[in-house]
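Observations on chain architecture
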Amino acid sequence: QVQMVESGGGSVQPGGSLRLSCAASGSMFSMNVMGWYRQAPGKRRELVAAQDRGGNTNYADFVKGRFTISRDIAKNTASLQMNSLKPEDTAVYFCYAEDPINPRFWGQGTQVTVSS
């Protein structure tokens, strides 16, 4: 059974940085895709960033140039470096992973709060 464990997050002032980490354990596969969605109060969950096994990345327009996703394919881990954070980045961030045969796996979510 695959378990997703997230770490990182917290509170930071505008312009600050945070790093999120995610690990997918218990899978016999290397994950095809790992990434993050986020959900702010009263809003829909939205894709933030994702990376596939080939290193191809997909970033939401609102984080381009500020966030960077990276992965360790062999370890099924991923990190999201978030720089130049804005108050509108405040949300719960959910890590996810996709393997070749199973439905998407989700992390438990971690709160990111950007406030002065």
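Everything discussed here concerns the structure shown above.
Here the structure is a predicted model, which is why all the values come from computation and not from measurement.

1. Side note on the sheet that holds strand β7 (residues 67–72)
What the four strands build is an open sheet, ordered β1-β3-β8-β7; its pairing is antiparallel. Each edge of the open sheet is held by one strand with a lone partner, namely β1 (3–8) and β7. With strand direction ignored, the average angle separating the axes of adjacent strands in the sheet is 15°. Pairing of strand β3 (residues 18–25) with strand β8 (residues 77–82), which is carried by six bridges, proceeds in the antiparallel orientation. Within the sheet, the bridge partner assigned to S21 lies in β8 and is S79.

2. A closer look at the environment of V112
With respect to the helices and strands, the residue V112 is situated in strand β11 (residues 110–114). Sequence spacing of V112 and G8 is 104 residues, and the spatial spacing of their C-alpha atoms is 8.7 Å. Residues contacting V112, with those up to four places away along its chain left out, are G9, G10, L18, L20, M82, D89, T90, A91 and Y93.

3. Things to note about the pairing of β8
In this structure, β7 lies alongside β8, joined through six bridges in antiparallel fashion. Bridged to T68 within β8 is Q81. Between the antiparallel neighbours β7 and β8 lie four residues, among them N76 with a positive phi of about 55°.

4. A short note on the side chain of R71
Mapped onto the elements of the fold, R71 is located in strand β7. Buried and unpaired, R71 has D52 as its nearest opposite-charge partner, separated by 6.0 Å. At 2.7 Å, the side chain of R71 and the backbone oxygen of M31 are in polar contact. Filtering out sequence-adjacent residues up to four positions away, R71 remains in contact with M31, N32, V33, M34, Q51, D52, R53, N76, T77 and A78.

5. Regarding the pairing of strand β9 (residues 91–98)
Most of β9 is tucked away, with six of its eight residues classed as buried. As paired strands, strand β4 (residues 33–39) and β9 are joined by seven bridges and run antiparallel to one another. Across the sheet, residue G35 finds its bridge partner in β9, namely Y96. Alignment of β9 against β11, held across three bridges, turns out to be antiparallel. Each residue of the ladder has a partner; that of V92, found in β11, is Q111. Note: β9 against strand β10 (residues 105–106), two bridges, orientation antiparallel. When the sheet's bridge partners are listed, Y96 is paired in β10 with W106. Between β9 and β10, which pair antiparallel in sequence order, lie six residues.

How each quantity is defined
- Residues numbered from 1 in each chain as written.
- Predicted model: local features only at pLDDT ≥ 70, side-chain atom pairs only at ≥ 80, totals over all residues.
- Heavy atoms only, no water.
- Pairing = 2+ DSSP bridges.
- Helix = DSSP H or I, 4+ residues; strand = E, 2+ residues; numbered from the N terminus.
- Axes fitted to C-alpha atoms, helices over the stretch in contact; angles between N-to-C directions.
- Contact = heavy atoms within 4.5 Å.
- Buried < 20%, exposed > 50% of the residue type's maximum accessible area, 1.4 Å probe, protein only.
- Lys, Arg positive; Asp, Glu negative; His and termini not counted.
- Salt bridge = Lys/Arg side-chain N within 4 Å of Asp/Glu carboxyl O.
- Polar contact = N/O pair within 3.5 Å; in protein donor to acceptor, adjacent residues only side chain to side chain.

Purely geometric stuff here, so don't read any function into it on its own.
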